[in-house]
Amino acid sequence: MTTRHVKTQAELDQALADRACTEIAIDSPWGCWLSLASRSSATVRAYGSATVEAHDSATVRAYGSATVRAYGSATVEAYGSATVRAY
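Residues numbered from 1 in each chain as written. Predicted model: local features only at pLDDT ≥ 70, side-chain atom pairs only at ≥ 80, totals over all residues. Heavy atoms only, no water.

Undergrad: Just to check I follow, could you spell out the overall build of the chain for this structure?
TA: Summing up its helical and strand segments, the chain has one helix and nine strands in all. Counting from the amino terminus, helix and strand elements in the chain follow one another as β-α-β-β-β-β-β-β-β-β. A compact globule built from 87 residues should have a C-alpha radius of gyration of about 12 Å, and the chain, at 11 Å, falls within 12% of that. Each of the three principal axes of the chain carries a C-alpha extent, and together these read 30 × 25 × 20 Å. Within the chain, buried positions represent 34% of all 87 residues. For the chain, contacts bridging at least 24 residues in sequence account for 7% of all contacts bridging at least 6. Put simply, the chain shows about 4700 Å² of open surface, and 49% of that area lies on carbon and sulfur atoms. One way to put it: in the chain the 8 positive side-chain charges average out to a point 2 Å from where the 8 negative ones average out. (Helix = DSSP H or I, 4+ residues; strand = E, 2+ residues; numbered from the N terminus. Rg over C-alpha atoms; globule rule 2.2 N^0.38 Å. Buried < 20%, exposed > 50% of the residue type's maximum accessible area, 1.4 Å probe, protein only. Contact = heavy atoms within 4.5 Å. Areas by Shrake-Rupley, 256 points an atom, 1.4 Å probe, with all protein chains shown as cover. Lys, Arg positive; Asp, Glu negative; His and termini not counted. Charge placed at Lys NZ, Arg CZ, Asp CG, Glu CD.)

Undergrad: Looking at this structure, I do not really get helix α1 (residues 9-17). What am I missing?
TA: Working note: α-helix, 3.6 residues per turn, so residues spaced by three or four point in the same direction. Along α1, the residues that are buried comprise L12, A15 and L16. All buried residues of α1 project into a common sector of 100° when viewed along the axis, lining one side. Along α1, the residues that are exposed and aim more than 90 degrees away from the buried face are A10 and A17. The secondary structure elements touched by the buried residues of α1 are β1 (3-6), β2 (23-26) and β3 (33-37). (Arc of directions from axis to C-beta.)

Undergrad: Is there a simple way to think about the pattern of salt bridges in this case?
TA: A pair can form between side chains of opposite charge whenever their charged atoms are brought close. Here the structure, examined in full by the defined rule, presents four salt bridges. Put simply, E23 and R45 hold a salt bridge, and the shortest N to O gap is 2.8 Å. Residue E23 is located in strand β2, and its partner R45 is located in strand β4 (residues 43-46); the two are separated by 22 residues in the primary sequence. Of the two residues, E23 and R45, both sit in the buried class. For the salt bridge of E53 with R69, the shortest nitrogen-to-oxygen distance reads 3.7 Å. Taken together, the positions of E53 in strand β5 (residues 51-55) and R69 in strand β7 (residues 67-70) put the pair 16 residues apart, joining distant regions of the chain. (Salt bridge = Lys/Arg side-chain N within 4 Å of Asp/Glu carboxyl O.)

Shown next as structure tokens:
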């Protein structure tokens, strides 16, 4: 399994486009929202103070103090003190 660590939207988009990348770890600064739509079969994990928006049928696992906003059919698993808002 290949894990790519990302902090910006550009890095996330590149990791999603990379077919060799099977797991993406998001550790962006607090308040830097990254947007994820289901474009890949990659597993996306949000750590620390990461803030992520999940759209379509995207799946995100949130850990620590990460915050995830889920829209549509997005799936979010939350652990620790992670926050999820579903719309």
